[in-house]
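Survey of secondary and tertiary structure
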Amino acid sequence: MGATSYYLETYGCALNTADSDMIAGHLSDRGVKRVLSPDEAHVIILNTCGVKEPTEDRIIHRLEELSKMARLVIVAGCLPIISLRRVQRAIPNYAAILGPQSIETLGLIVDRVMKGERGLLHLEPDTGSKLQFFKGPPGSVVCTVPLCEGCLGSCTYCAVKFARGNVKSYSIKSLHDVVCRCVHQGYREIRLTGQDTGVYGHETGETLVELLQVLEAIKGAHMFRLGMFNPHHILASIDEFLQVMSSPRFFKFFHIPLQSGSNSILGDMERRYSVEDWQSAVRSIQRKIPLATIATDIIVGFPGETDEDFNKTLEVISNLKPPIVNISKYGDRPGTVASRAKNKVNTSVKKDRSRQLSALVTEVITEQNATWLGWTGPVLVVGAASKGGTLCRNTSYKAVIIQKQLTPGSTVDVEITMTHRTHLAATVIP
Ligand code: SF4
């Protein structure tokens, strides 16, 4: 039998994407071969997510499918910590189940599974740093580097905390080395991610601003996209933060979850910031970097949310006009405080609020994208677009589609000729 081969399926957030790159890095160091089809693989590894019920249901369905096919399956990621019993019921003949902090152990587990062991369960976190295994994805100019894992929150609706725990930050030195490697290997869009990049270094004494200043100084043709941060961890250093984010090295993209426009709901969620804090952060960004793209997250139908609370959310969104709003309908997660709440919002009301908010967001983004018509400037060529053409990004991280084949990683000057809700269309300036 040739080298052991595996197929890797990744679900969930950017941090899970980075975890999968570290799984791949570790297994390739151990001579385990990655294949691109499950049919060719000895072992199938699912790097799972447990943030929302629909995602969990999709993964459980996939596990049931693989169980029926009697495939050798290793389940990794957050779901084993959040819904272990359900995972075990979906695939009783599992080869192994691990948590999201067991990448080093995963290598040993693959060996044991190939030697015939089954039903291995390992949820304890490894002691070593998984960043040592980081290798960017093959065949792409985009890579995702984790700055830290875990957070400082205890949001009442969130099960991710159970899986990822308190914040663990990688040192500025180790991140500098990883990013230098990525730049050297030709990655042009480097995503810097974490559950909450705003808490970077809280437990080590290093700060996010210090880290960004060090990374900003690395020479090359790359750009950084900073991942999600909660407002209350950035406000104290907002001026220094915006000073370094104003560098051409950073995409002008800011992902700041709001979750609700009502302070009483934010209190029930234990989000630890106010609507005013969020507005203050967003306004500071819009003042300092007028062409910045603001992305946010909203949960509609959180237990106890009244029409009045929801109207406050609509008001904040129509006032501050973030063009990207990720809308979630509240859903219970196992073991969370909110899942035990008595005053749940009924499903049809949740659906209606999600529809209303989505309609408002469509208005906001269509109006805003229209202001880009005629814009000229450089864009980074990322790769093939999902619906044809080539996907590029301008410095505001706007999706720019060009109906021409272009070399990923190159930079071209374009003119925006048409605007849509989801993207801008452009032609290359000869
Ligand atoms: S900050 Fe809150 S929502 Fe985010 S991972 Fe932590 S507990 Fe979950």
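Attention here is on the structure that accompanies the text. Since the structure is predicted, the reported quantities are computational estimates derived from the model, not experimental observations.

Focus on helix α1 (residues 14–29)
Think of an α-helix as turning once every 3.6 residues; residues three or four places apart then point the same way. Helix length check: α1 (16 residues) gives 23 Å between terminal C-alpha atoms against 22 Å at 1.5 Å per residue, within 8%. Of all 16 residues making up α1, 12 are buried, and the element is well covered by its neighbours. Burial in α1 covers these residues: Leu15, Asn16, Ala18, Asp19, Ser20, Asp21, Met22, Ile23, Ala24, Gly25, His26 and Leu27. Of the residues one or two after α1, glycine 31 is the one with positive phi, at around 75 degrees.

Here we look at the packing of helix α12 (residues 307–320) against helix α13 (residues 347–370)
The interhelical angle for the contact between α12 and α13, taken along N-to-C directions, is 10 degrees, at an axis separation of 10 Å. For the element pair α12 / α13, the angle class is roughly parallel. Every residue of α13 that contacts α12 at Asp307, Phe310, Leu314, Ile317 and Ser318 is listed here: Arg353, Gln356, Leu357, Leu360, Val361 and Val364.

Comments concerning the pairing of strand β18 (residues 411–419)
Pairing of strand β15 (residues 376–384) with β18 involves five bridges; the strand directions are antiparallel. Paired with threonine 376 across the bridge in β18 is glutamate 415. The pairing of β18 with strand β19 (residues 424–428) spans five bridges and is antiparallel. Of the residues in β19, the one forming a bridge with threonine 419 is leucine 424.

Description of the packing of aromatic side chains
Under the definition given, this model contains eight aromatic pairs. Between tyrosine 157 and phenylalanine 302 the ring centres are 6.4 Å apart and the planes differ by 80 degrees, which places this aromatic pair in the edge-to-face class. Taken together, the residues tyrosine 157 in the loop between β8 (148–149) and α6 (160–164) and phenylalanine 302 in the loop between β13 (293–300) and α12 connect sequence positions 145 residues apart. Here tyrosine 157 and phenylalanine 302 have matching classes, each one buried. An aromatic cluster is defined as three or more aromatic residues linked by ring pairs; in this entry it consists of Tyr157, Phe302 and Tyr330. Its end group placed over the ring of tyrosine 397, arginine 393 keeps NZ or CZ at 4.0 Å from the ring centre.

Concerning the packing of helix α7 (residues 172–184) against helix α8 (residues 208–216)
Packing of α7 against α8 brings their axes to within 10 Å, and their N-to-C directions diverge by 30 degrees. Relative to α8, α7 is oriented roughly parallel. By crossing handedness, the relation of α7 to α8 is classed as right-handed. Within the contact between the two elements, α7 uses Ile172, Leu175, His176 and Val179 and α8 uses Glu210, Leu211, Val214 and Leu215. The residue makeup of the contact of α7 with α8, split by class, is six nonpolar, one polar and one charged.

Observations regarding the sheet that holds strand β14 (residues 324–329)
Taken in spatial order, the three strands of this open sheet run β12-β13-β14, and their pairing is parallel. Two strands bound the open sheet, and with one partner strand each, they are β12 (253–255) and β14. On average, each strand axis in the sheet is tilted by 15 degrees relative to the strand beside it, whichever way the strands run. By the bridge criterion, three bridges tie β12 to β13 in an arrangement that is parallel. Bridging across to β13, phenylalanine 254 finds its partner in isoleucine 294.

Focus on the site of the ligand
In the vicinity of the ligand, the contacting residues are Cys151, Gly153, Cys155, Tyr157, Cys158, Lys161, Gln195, Asn230 and Arg271. Tallied by class, residues from the shell around the ligand come to four nonpolar, three polar and two charged.

The rules we used
Residues numbered from 1 in each chain as written. Predicted model: local features only at pLDDT ≥ 70, side-chain atom pairs only at ≥ 80, totals over all residues. Heavy atoms only, no water. Helix = DSSP H or I, 4+ residues; strand = E, 2+ residues; numbered from the N terminus. Expected span 1.5 Å × (residues − 1). Buried < 20%, exposed > 50% of the residue type's maximum accessible area, 1.4 Å probe, protein only. Axes fitted to C-alpha atoms, helices over the stretch in contact; angles between N-to-C directions. Parallel < 35°, antiparallel > 145°, perpendicular 65-115°, else oblique. Contact = heavy atoms within 4.5 Å. Pairing = 2+ DSSP bridges. Phe/Tyr/Trp six-rings, centres within 6.5 Å; stacked < 30°, edge-to-face > 60°. Lys NZ or Arg CZ within 6 Å of the ring centre and 35° of its normal. Left-handed = near helix turned anticlockwise from the far one by under 90°. Nonpolar A, V, L, I, M, F, W, Y, C, P; charged D, E, K, R; others polar. Near = heavy atom within 4 Å.

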